[in-house]
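# Remarks on the overall topology
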Amino acid sequence: MKFSQEHEWVTVKGDIATVGITEYAADQLGDIVYVELPEIDTEYGKMDRVGSIESVKTVSDLFTPIGGTVIEVNPAISDTTPDGDVNDDQHFEYINQDAYDKGWLFKIRMSDPKDLDDLMNKEEYDAMIKA
Amino acid sequence: MTKIIFEKTSEGRKGSAVPEKDINIAEISIDIDEEMKADKIPDLPELSELDVIRHYTELANKNICVNSHFYPLGSCTMKYNPCVNEEIASMRSFTDIHPYQVESSVSGNLEIMYLLKKYLCELTGMDDFTLQPAAGAHGEFTAMLMTKKWFELKKENRTKILIPDSAHGTNPASANMAGFEVVQIASNENGTVNLDDLEAKIDDKTACFMMTNPNTLGLFERDILKISEKIHSKGGLLYYDGANLNAILGLVRPGDAGFDFVHLNMHKTFSTPHGGGGPGAGPVGAKGKLAECLPLPKIIQKEDKTFSLMYDNPSSIGRVKAFYGNFLVLVKALAYILSMGKDEIANVAKLSVLNANYLLKKLEDIYEIPYGKSCMHEFVASADRQKNIGVTAIDICKRMLDYGFHAPTVYFPLIVHEALMIEPTETESIQTLDLYSEILHKIQEETEKNPDLLHEAPHNMPVKRLDDVTAARKPDLAYKK
């Protein structure tokens, strides 16, 4: 797992990267009440703003640490079901309770795997949040 | 929990008796579409006058307000609102007028507004004011429209508004609403504007720099003259968000520090009631030629010394509100200024700064104070230390309610973790400040010995800890049977 300056985490399988926000970020934001997710099938550049996260305390922009095309968003967090109906069973608490697994946000097909080189490993990220 | 008034209804109960009708009432037939007609009579509660009085008195007693509690809500300047303001504003010559009355019959009311304008000019170093905006953010938006107009008149295409990262959220919102691009300026390690970052981001597309001074960390921007020079050398405007004017009222004039225009919050600095207590007022003032862009109508004094409304000025952005502003709020602000007087008004700033520093010193042994050893009218403490042992800023604030204090502003500004933004204002006595400090020390003891007491707070309020997430996600806003 890799980490960005903006407190996102990334895991990679083939050319697909899965992105979420870190436990530290979720803890700083407090209880999350809404997430605006990126559009599926849309291409974003590295560090583009792709959405926002609203907590009981504040609203923060959501960035993508990797450029590429978004292929999937977390159905437990999305406003709509895969069939396009209103999702009335959203679980924003997954991000607070299980940021690295159930709380993932979106999957992106990487346009340039070199984007991963700029990310931090766990030790580097832990050192950054301590500083 | 208190029942709502609809649940207290008792069929057939009446508040007052209406005499039996003893005349024939003419039948009036009006053509109303069937679908527009209500299919049942409205479901209004049936109560006696005493039921209603008891209901609202009970609700009023649950209220936490400046009249009942110490209310150190940072950035909001919750000072005491003197009774004399209300007394004056309830005079019939102010309440029983109509905005469509002929001008000559309300010349005295226009004079009131003209006088207030003059005093606000004197206090801020501006040349003219509009009293129209209904609140601080409305004032900011008005200022952004003026900025747009200013550069249109100068035929310059400027698209960017610079805003410090410690600013109130309304600043970027106002700039955005007016169609500008917002550029964030970082703070330096002292909590004030980072001049290098400003230098790097300012360019010939910069329309304006919006500043709050002292800023939201309660720190005076000492580099203000350098900043003003920098902005003006690039042809930009410098805007003063008056949220924190209380700290410098009567001592420093924004206009003298290089600000081109300002908005003021009557409900903060000038002791009129806040939001829930009635409409607000956020007058905007400007210097020199920029004042030509202020909204119309403008209140002027004619040669015969009477007062009038002037509607003709192509440089103006036009109206920003129906009629002339929230008049009774303006009357209260003028009453406040006059009751203070020229000599006393600087004491507002001196005592608000003294009170804030007194509390800062009293509390620095329990909370981290990330920026500065001293402050202006408010300071931002951090509950980071407490968070390390599992107690958050919100837990501490909920516990304060149990002890009879309103909570400070929390989690703002965003650049401070677990922020507690404390603004005591000048109207609090040393006894109140001492008691507040004593209670916060007691809460610190509880934090260390019995953190669950804080996690579950408040304990003595009509409702316990509310579920913020459900409240935000599934708000219950309307009564349904």
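### Topic: the overall build of chain A
- Assigned secondary structure in chain A consists of three helices and nine strands.
- Starting at the N terminus and ending at the C terminus, chain A contains elements arranged as β-β-β-α-β-β-β-β-β-α-β-α.
- Relative to the globule expectation of 14 Å for 131 residues, the C-alpha radius of gyration of chain A, 14 Å, shows essentially globular dimensions.
- On the principal axes, the C-alpha backbone points of chain A span a range of 40 × 30 × 20 Å.
- When the 131 residues of chain A are sorted by exposure, 32% land in the buried category.
- Excluding contacts between residues fewer than 6 apart, the proportion of contacts in chain A whose partners are at least 24 apart in sequence is 63%.

### Details of the overall build of chain B
- Across its full length, chain B carries 14 helices and 12 strands.
- Rg of the C-alpha trace for chain B: 26 Å, near the compact-globule value of 23 Å for 481 residues, within the 12% margin.
- When its C-alpha atoms are laid out on the principal axes, chain B stretches across 80 × 70 × 50 Å.
- Taken over 481 residues, chain B has a buried fraction of 40%.
- Partitioning the intrachain contacts of chain B with sequence separation of at least 6 by distance along the chain shows that 72% fall at a separation of at least 24.

### Some remarks on the sheet that holds strand β6 (residues 261-263) of chain B
All names here are of chain B.
- Pairing within the open sheet is mixed, and its seven strands lie in the order β1-β7-β6-β5-β4-β2-β3. Across the chains shown, the open sheet's two edge strands, defined by having one partner strand only, are β1 (128-130) and β3 (181-185). Within this sheet the neighbouring strands show an average axis-to-axis angle of 25 degrees, counted without direction.
- In terms of strand pairing, strand β5 (residues 237-241) meets β6 through three bridges, oriented parallel. Considered in β6, the bridge of Y239 is made with F261.
- The strands touched by helix α5 (residues 136-153) are β4 (206-212), β5, β6 and β7 (284-286); relative to β6, the strand with the most contacts, the crossing angle is about 160 degrees.

### So, the pairing of strand β2 (residues 8-13) of chain A
Residues and elements named next belong to chain A.
- With two bridges connecting them, strand β1 (residues 2-3) and β2 associate as antiparallel partners. Each bridged residue has a counterpart across the sheet, and for F3 the counterpart in β2 is W9.
- Where β1 hands over to β2, the hairpin turn is made up of four residues, of which H7 adopts a positive phi near 65 degrees.
- Sheet analysis places β2 next to strand β3 (residues 16-21), joined by six bridges and oriented antiparallel. Across the sheet, T11 pairs through a bridge with T18, a residue of β3.

### Considering the confidence of the model for chain A
- Put simply, chain A has an average pLDDT of 94, and 100% of its residues get 70 or more.
- When pLDDT is averaged over each helix and strand of chain A, the minimum, 91, is found for strand β7 (residues 59-63) of chain A and the maximum, 97, for strand β9 (residues 106-110) of chain A.

### Quick notes on the pairing of strand β8 (residues 298-301) of chain B
Residue and element names in this part refer to chain B.
- For β8 and strand β9 (residues 307-310), the ladder comprises four bridges, and the chain directions are antiparallel. Paired with Q301 across the strands is F307, a residue of β9.
- Between β8 and β9, which follow one another and run antiparallel, lie five residues, and K305 among them has a positive phi close to 75 degrees.

### Let's talk about the packing of helix α4 (residues 107-124) of chain B against helix α9 (residues 327-363) of chain B
Residue and element names in this part refer to chain B.
- Here α4 crosses α9 at 55 degrees, and the two axes come no closer than 10 Å. Here α4 is positioned oblique relative to α9, judged by the angle of their axes. Judged by the sense of rotation from one axis to the other, the crossing of α4 with α9 is left-handed. Facing I112, M113, L115, L116 and Y119 of α4, the residues of α9 in contact are L330, V331, A333, L334 and I337.

### Digging into the sheet that holds strand β8 (residues 68-73) of chain A
- The six strands are arranged β1-β2-β3-β9-β8-β5 (chain A) in an open sheet whose pairing can be described as antiparallel. For this open sheet the edge positions go to β1 and β5 (43-44) of chain A, each flanked by a neighbour on one side alone.

### Digging into unusual backbone geometry
Residues and elements named next belong to chain B.
- Of note, the bond from N213 into P214 is cis; its omega dihedral lies within 30 degrees of zero at 0 degrees.
- Among the structural elements, P214 can be located in the loop between β4 and α8 (224-233).
- Cis geometry is found at the peptide bond from A457 to P458, where omega equals 5 degrees.
- Along the chain, P458 falls in the loop between α13 (451-455) and α14 (468-473).

### Here's the deal with the confidence of the model for chain B
- Put simply, chain B has an average pLDDT of 94, and 99% of its residues get 70 or more.
- In the predicted assembly, ipTM is 0.77 and pTM is 0.89.

### Description of helix α12 (residues 430-449) of chain B
- Here α12 of chain B is 20 residues long and its end C-alpha atoms lie 29 Å apart, about the 28 Å a rise of 1.5 Å per residue gives.
- For α12 of chain B, the elements touching its buried residues are α9, α10 (384-388), α11 (393-402) and α13 of chain B.

### Looking at the packing of α9 of chain B against α12 of chain B
All names here are of chain B.
- Look at α9 against α12: their axes get within 10 Å of each other, and the N-to-C directions meet at 25 degrees. With respect to their mutual orientation, α9 and α12 come out roughly parallel. At the point where α9 passes α12, the crossing takes the right-handed sense. The residues of α12 that touch α9, namely those facing N355, Y358, L359, K362 and L363, are L433, S437 and L440.
- Here the residues of the contact of α9 with α12 sort into five nonpolar, two polar and one charged.

### Considering the environment of A335 of chain B
- Along the chain, A335 of chain B turns up in helix α9.
- Residue contacts for A335 of chain B: discarding those within four places in its chain leaves V84, N85 and I88 of chain B.

### Things to note about the nonpolar core
All names here are of chain B.
- With 112 residues, the main nonpolar core has M146, Y239, F261, L330 and A333 as its most contacted residues.
- A per-element tally of this core places α9 first, with 16 residues.
- Structurally, this core is a two-domain feature, drawing no fewer than three residues from each of domain 2 (84-339) and domain 3 (346-471).
- Apart from the residues lying within four places of it in its own chain, the contact partners of M146 are F261, A286, L290, C293, L294 and I317.

Quick notes on the rules
- Residues numbered from 1 in each chain as written.
- Chains lettered and ligands numbered in written order.
- Predicted model: local features only at pLDDT ≥ 70, side-chain atom pairs only at ≥ 80, totals over all residues.
- Helix = DSSP H or I, 4+ residues; strand = E, 2+ residues; numbered from the N terminus.
- Rg over C-alpha atoms; globule rule 2.2 N^0.38 Å.
- Buried ≥ 20, exposed ≤ 12 C-beta atoms within 10 Å, placed from the backbone.
- Contact = placed C-beta atoms within 7 Å.
- Pairing = 2+ DSSP bridges.
- Axes fitted to C-alpha atoms, helices over the stretch in contact; angles between N-to-C directions.
- pLDDT = per-residue confidence, 0-100.
- Parallel < 35°, antiparallel > 145°, perpendicular 65-115°, else oblique.
- Left-handed = near helix turned anticlockwise from the far one by under 90°.
- Expected span 1.5 Å × (residues − 1).
- Nonpolar A, V, L, I, M, F, W, Y, C, P; charged D, E, K, R; others polar.
- Core = buried A, V, L, I, M, F, W, Y, C linked by C-beta atoms within 7 Å.
- Domains from an automatic or database assignment.

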